[in-house]
Amino acid sequence: MSGIYNKLTNCLEQIRKVTDFKPKVAIVLGSGLGGFADEVEAEASISYSEIEGFPVSTVPGHKGRFVFGHVGGVPVVVMQGRVHYYEGYDINDVVLPIRLMGLMGAEVLMLTNAVGSINKEFNVGDFMLIRDHILYGVPSPLIGYNSEELGTRFPDMSEVYKKTLCEKILQGAQSLGIKLHEGVYVQTSGPNFETPAEIKAYGIMGADVVGMSTACEAVAAVHMGLQVCGISCVSNLAAGISETPLSHEDVQEMADKAAPLFKILVTEAIKRIGQ
Ligand code: HPA
């Protein structure tokens, strides 16, 4: 058994002492969306700090706990707060929570995040369905010993964001009259925001939005056979497109503003995916 798998089973054992809840959908809440956890008819919760060996986020605005319960009748586990590569964790620790939710029994992973928009058609407060991603300047979480218990050495990544899930989310957005763009997410390491030249380069590479999470989580999830989908909330225009300097506080504020509608969209998406 690998060190990674060992650590995961240790974490799982600790969680099982608190709850034997088996989620169908695992949801990661990005900046500003933490309040979504209130939408869950909660049956149990556990703080990351209570789980020995679990990476705990240091970013302001990111609470750290799992909430177990139901959304629209669908059994879910919600990650209220995630850890980022820029916090200095090994990439395997960054994706540990994702793998853990897979081992809890989740079949689907829904990733959410706040992003800077590179695509000039997008506005602050808009939402984007993630169709594909570019992992840039961040190592693959699959580097190193491959835990066969989790998945194969060379997993295919030609459909990371499952088309069938994307269709359901698009239909959900349409039924609510919420505009939902579609596009490509690029994950950079952060923690600094990008330079205008970097943003221009990512745009040429095919990215529509930029963020500092998500893509590595999606890779780890696909590796272990989870179905993945993701929705981004545009919290700012990216560097060089924005006329003002970027700040974490502004990103947080705009993500908070968009949160009520984002919550409605995510709830509808979960109901449709969980059917
Ligand atoms: N760049 C990187 N990550 C982000 C941004 C951004 O502009 N906005 C929100 N997360």
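Everything below is about the structure printed above this text.
These numbers were taken from a predicted model, which means no experiment stands behind them. (Residues numbered from 1 in each chain as written. Predicted model: local features only at pLDDT ≥ 70, side-chain atom pairs only at ≥ 80, totals over all residues. Heavy atoms only, no water.)

## Considerations on the packing of aromatic side chains
Applying the stated criterion across every chain yields a total of seven aromatic pairs. Ring centres of Phe-21 and Phe-68 lie 6.1 Å apart, and the angle between their planes is 55 degrees; this geometry places the pair in the tilted category. One end of the pair, Phe-21, is in the loop between helix H1 (3-18) and strand S1 (25-29); the other, Phe-68, is in strand S3 (residues 65-71), with 47 residues separating them in the sequence. Exposure class is identical for Phe-21 and Phe-68. Each is buried. Aromatic rings pair up to connect Phe-21, Tyr-48, Phe-54, Phe-66 and Phe-68 into one cluster. (Phe/Tyr/Trp six-rings, centres within 6.5 Å; stacked < 30°, edge-to-face > 60°. Helix = DSSP H or I, 4+ residues; strand = E, 2+ residues; numbered from the N terminus. Buried < 20%, exposed > 50% of the residue type's maximum accessible area, 1.4 Å probe, protein only.)

## Thoughts on the site of the ligand
Surveying the vicinity of the ligand reveals the residues Ala-114, Val-115, Gly-116, Phe-193, Glu-194, Val-210, Gly-211, Met-212, Ser-235, Asn-236, Leu-246 and Val-251. In the model, a nitrogen atom of the ligand is placed 3.4 Å from a nitrogen or oxygen of the Ala-114 main chain. In the model, a nitrogen atom of the ligand is placed 2.7 Å from a nitrogen or oxygen of the Asn-236 side chain. Expressed as a share of its isolated accessible area of 260 Å², the protein-covered part of the ligand is 94%. Elements with a minimum of two residues in the shell around the ligand: strand S5 (108-117), strand S8 (209-211) and strand S9 (227-237). For the shell around the ligand, the element with the most residues is S5, which contributes three residues. (Near = heavy atom within 4 Å. Polar contact = N/O pair within 3.5 Å; in protein donor to acceptor, adjacent residues only side chain to side chain. Areas by Shrake-Rupley, 256 points an atom, 1.4 Å probe, with all protein chains shown as cover.)

## As for the pattern of salt bridges
Summed over the entire model, instances satisfying the criterion amount to seven salt bridges. Here Lys-7 and Asp-93 are joined by a salt bridge, their closest N and O atoms 2.8 Å apart. Taken together, the residues span a long stretch of sequence, with Lys-7 in helix H1 and Asp-93 in helix H2 (residues 91-94) at a distance of 86 residues. A relative accessible area of 17% means that Asp-93 is categorised as buried. Note that Glu-39 is salt-bridged to Lys-263, the shortest N-O span being 3.9 Å. A residue pair is termed long-range when its members are at least 10 positions apart, and Glu-39 in the loop between S1 and strand S2 (41-47) and Lys-263 in helix H7 (residues 248-274) qualify at 224 residues. (Salt bridge = Lys/Arg side-chain N within 4 Å of Asp/Glu carboxyl O.)

## Observations concerning the side chain of Ser-235
With respect to the helices and strands, Ser-235 occurs in strand S9. The buried category is assigned to Ser-235, whose relative accessible area is 2%. Polar side-chain contacts of Ser-235 include one of 2.9 Å to the side chain of Asn-236. Each residue touching Ser-235, except ones within four places of it in the same chain, is listed here: Ala-114, Val-115, Val-124, Val-251, Met-254 and Ala-255. (Contact = heavy atoms within 4.5 Å.)

## Considerations on the packing of helix H4 (residues 163-176) against H7
Any two packed helices are characterised by the angle at which their axes cross and by the distance between the axes. Orientation of H4 relative to H7, taken along the N-to-C sense of each, is 130 degrees, at an axis distance of 9 Å. In this view, H4 runs oblique relative to H7, as classed from their interaxial angle. Here H4 runs over H7; the crossing is right-handed. Within the contact between the two elements, H4 uses Leu-165, Lys-168, Ile-169, Gln-171, Gly-172, Ala-173, Ser-175 and Leu-176 and H7 uses Ile-264, Leu-265, Glu-268, Ala-269, Arg-272 and Ile-273. Split by residue class, the contact of H4 with H7 holds eight nonpolar, three polar and three charged. (Axes fitted to C-alpha atoms, helices over the stretch in contact; angles between N-to-C directions. Parallel < 35°, antiparallel > 145°, perpendicular 65-115°, else oblique. Left-handed = near helix turned anticlockwise from the far one by under 90°. Nonpolar A, V, L, I, M, F, W, Y, C, P; charged D, E, K, R; others polar.)

## Re a negative patch on the surface
On the surface, Glu-249, Asp-250, Glu-253 and Asp-256 cluster together into a patch of negative charge. With respect to the secondary-structure elements, Glu-253 resides in helix H7. Residue classification places Glu-253 among the partly exposed positions, given a relative accessible area of 44%. (Patch = residues over 30% accessible without salt bridge, like charges linked within 9 Å, V, L, I, M, F, W, Y side chains within 5 Å. Lys, Arg positive; Asp, Glu negative; His and termini not counted. Charge placed at Lys NZ, Arg CZ, Asp CG, Glu CD.)

## Some words on the state of the cysteines
Enumeration over the complete set of coordinates arrives at zero disulfides. Cysteine Cys-11 is unpaired, with the sulfur of Cys-216 as its nearest cysteine sulfur at 17 Å. A relative accessible area of 0% places Cys-11 in the buried class. Looking at the unpaired Cys-233, the closest cysteine sulfur is the one in Cys-229, lying at 16 Å. A relative accessible area of 2% means that Cys-233 is categorised as buried. (Disulfide = S-S within 2.5 Å.)

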